[in-house]
Amino acid sequence: ALVLAAAAGGARGGVMAAHGAMLADPTLSEAAMAGVGRGLSAGVAWQEAIAEQVAVLLSSGDRRIAERADDLRDLERHVLAALAGLPIEGPSVPVGAILVAEDLLPSQVAALDAGVVAGIALVKGGPTSHAAILAAGMGLPMAVAFGDPLAALEDGRIIILDADRGLIDPEPDADAQVQARETIARRKAEMEAARAAQGPCRMADGTRIEMFANLGSVADAEAAVAEGAEGCGLLRTEFLFLERATAPTRDEQARDYQAIADALGDRPMIVRLLDVGGDKPAPYMDLPVEENPALGLRGIRVSLADPQLLEDQIGAILAVRQPCRIMAPMVASLSELEAVRAVVERQGGHLGHRAEVGVMIETPAAAISADILARKADFFSIGTNDLTQYTLAMDRGNAAVAAGVDGLHPAVLRLIGTTCDGAAKHDTPVGVCGSLAADRLAVPILLGLGVTELSVPPARVAAIKALVGKLDLARCRTVAGEAMELPSAAAVRAHITQMLQEIGA
Ligand code: PEP
Ligand code: MG
């Protein structure tokens, strides 16, 4: 698995590396060896060891942790194949096909060639599963949770998958097919033009929009630069902290941040402080088991509860030669920003420089009090994934409510609008780094509400840059106002679909 990780890089490499770390976990190997000691065959002992760990994950009561059981099942399959001397086969898919499946394991998605598969539609699946995050990172259109009607489709049938709207047309007529093919060809050409274009991202009327990328590794940073990203709007530092037995030291962190900054050249980099807890457990941190993890010790609350952790991470970020911006996740109150700023100033004082400190707007509290936070924040970045789950009171990892978790719900849009209005009072710039930034139907609204920076997975940079180039700010303001008056996310999606059709985007 580790060899695969090195070859894959980026999000794919991340999954492989996670599998490698699971494989290295002595709990698994010791259980398997004990089984062999009891006279079981290696394969059966391995299956039993995996089953035990899957049971532990499923009993956590948190669906996002439970989804990680998929990774273990995946690992089970790989090791069994290796024991039997069989090759590990991904699904074989004809060029340009839409892959329809009950569900997909992360390594099955990682094994797909984004140049071959046109898209993925799943009968089951969750929007935040590892497989979905991987597909997004690879730029593969994917929609989930279609249920039985999808399962009933026979192989080889021509269907249209509209991942923007989460729709499938199972029987498109000739006109619909021609139109879909034209749209695909046009978007591909626009993406290629955006990739080739020099110069900063601008709207059709000349308004400057910063086009940043979300990163988790050096490979991501290299991919983002190749795609034309102008900087990093979200460095997810969790990758350094998860899947290991002890916390990374300050020096280790500094080396990793420096390597990513070097891959970005002199482009700006926003580093997010550690966002663990709840759905992202780090075993050595000894975080409590909570009844409501999403409402518990997570994000900046973890760092504030462990001052040494915060000091080390901020010290490591400030040690990077290029100046980084520092961003706090899951902020609900001004005091949290002030506490982070105090550490930055103290550590920065030693090093002789001042770093910008910003806030992620992920809680309704932060959005509603954006004008208060803006007095002290250098920038905002809206985490629409969490803002959506907390606004709608729908767990982003719960498949039972997955269909309702849509950031284009008018309530979420209104909070984004409130955030931008509050920020404007103090000239605080607002970006979006949650998945709405990479959603074609959300972009006109976000820009219309006053967002000036979008941070998306590297594979989406060119497509979103091309889209921004077709939009006019005045028109975006009008549709944003209209969208906030609509009754549902579905109505908003239909409205923006029509607007984009009218402008030929
Ligand atoms: C978000 O919540 O939108 C976000 C960008 O953070 P994460 O998805 O890492 O929680
Ligand atoms: Mg978040």
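It should be noted that the structure appears before, not after, this text.
Residues numbered from 1 in each chain as written. Chains lettered and ligands numbered in written order. Predicted model: local features only at pLDDT ≥ 70, side-chain atom pairs only at ≥ 80, totals over all residues. Heavy atoms only, no water.

I tried to follow the coordination of the magnesium ion (ligand 2) on my own but got confused; where do I start?
The expected angle between donors at a tetrahedral four-coordinate metal is 109.5 degrees. At an octahedral six-coordinate metal it is 90 or 180 degrees. With distances of 2.0 Å, the protein atoms coordinating the magnesium ion (ligand 2) are Glu-362 (OE) and Asp-386 (OD). Linking Glu-362 in the loop between strand S10 (357–361) and helix H17 (364–368) with Asp-386 in helix H19 (residues 384–392), this pair joins segments that are 24 residues apart in sequence. The class for Glu-362 is buried, based on a relative accessible area of 2%. Assessed through its relative accessible area of 2%, Asp-386 is described here as buried. (Donors = N, O, S within 2.8 Å, 3.2 Å for Na, K, Ca; no water. Helix = DSSP H or I, 4+ residues; strand = E, 2+ residues; numbered from the N terminus. Buried < 20%, exposed > 50% of the residue type's maximum accessible area, 1.4 Å probe, protein only.)

What is the right way to look at the environment of Ala-377 in this model?
Its location among the elements puts Ala-377 in the loop between helix H18 (370–374) and strand S11 (379–382). When its relative accessible area of 7% is taken as the criterion, Ala-377 is described as buried. Along the primary structure Ala-377 and Glu-243 are separated by 134 residues, whereas in three dimensions their C-alpha atoms are 32 Å apart. When near neighbours in sequence (up to four residues on either side) are disregarded, Ala-377 contacts Leu-337, Arg-341, Val-357, Val-359 and Thr-428. (Contact = heavy atoms within 4.5 Å.)

How should helix H24 (residues 489–502) be read in this particular structure?
Because each turn of an α-helix spans 3.6 residues, side chains separated by three or four positions in sequence point in the same direction. Look at H24: 20 Å from first C-alpha to last across 14 residues, which is about the 20 Å you get at 1.5 Å a residue. Elements in contact with the buried residues of H24: helix H20 (410–424), helix H21 (443–449), helix H22 (461–468) and helix H23 (473–483). Positioned one or two residues after H24, Gly-504 has a phi angle of 70 degrees, which is positive. (Expected span 1.5 Å × (residues − 1).)

How do you make sense of the packing of H23 against H24 when you look at a structure like this?
The angle between the axes and the distance between the axes are what describe a pair of packed helices. Interaxial distance between H23 and H24 falls to 10 Å at its minimum, and their mutual angle equals 160 degrees. With respect to H24, the axis of H23 lies roughly antiparallel. Judged by the twist between their axes, the crossing of H23 over H24 is right-handed. Contacts between H23 and H24 involve Arg-475, Val-479, Glu-482 and Ala-483 on the former and, on the latter, Val-492, His-495, Ile-496, Met-499 and Glu-502. (Axes fitted to C-alpha atoms, helices over the stretch in contact; angles between N-to-C directions. Parallel < 35°, antiparallel > 145°, perpendicular 65-115°, else oblique. Left-handed = near helix turned anticlockwise from the far one by under 90°.)

Sorry, what's going on with H20 here?
Taking 1.5 Å per residue, 15 residues should reach 21 Å; H20 reaches 21 Å between its end C-alpha atoms and fits that length. All of the buried residues in H20 are Pro-410, Val-412, Leu-413, Leu-415, Ile-416, Gly-417, Thr-419, Cys-420, Gly-422 and Ala-423.

Sorry, what's going on with the state of the cysteines here?
Linking two cysteines covalently via their sulfur atoms produces the bond known as a disulfide. Scanning the entire structure with this criterion turns up zero disulfides. Residue Cys-201 stays outside any disulfide, its sulfur separated by 12 Å from that of Cys-476, the closest cysteine. (Disulfide = S-S within 2.5 Å.)

What is the right way to read the pairing of strand S7 (residues 232–236) from this model?
One face of the sheet, then the other: side chains in a regular strand alternate in exactly this way. By the criterion of burial, S7 is predominantly enclosed, with four of the five residues buried. Alignment of strand S6 (residues 210–215) against S7, held across three bridges, turns out to be parallel. Following the sheet pairing, Leu-215 is matched in S7 by Leu-235. The β-α-β motif built from S6, the intervening helix H11 (residues 218–227) and the parallel element S7 has right-handed crossover chirality. Pairing of S7 with strand S8 (residues 269–272) involves three bridges; the strand directions are parallel. The residue of S8 that forms the bridge with Leu-235 is Val-271. (Pairing = 2+ DSSP bridges. Right-handed = clockwise from strand over helix to strand, strands pointing away.)

Honestly, the site of ligand 1 in this entry has me stumped. Any pointers?
Neighbouring ligand 1 are 14 residues, the closest being Arg-272, Glu-362, Gly-383, Asn-385 and Arg-396. In the environment of ligand 1, an oxygen atom lies 3.0 Å from a nitrogen or oxygen atom belonging to the side chain of Arg-236. One of the side-chain N or O atoms of Asp-386 is found 3.0 Å from an oxygen atom in ligand 1. A total of 290 Å² of accessible area belongs to ligand 1 in isolation, and the protein chains cover 98% of it. Listed by contribution, the elements that provide at least two residues to the shell around ligand 1 are S7 and H19. (Near = heavy atom within 4 Å. Polar contact = N/O pair within 3.5 Å; in protein donor to acceptor, adjacent residues only side chain to side chain. Areas by Shrake-Rupley, 256 points an atom, 1.4 Å probe, with all protein chains shown as cover.)

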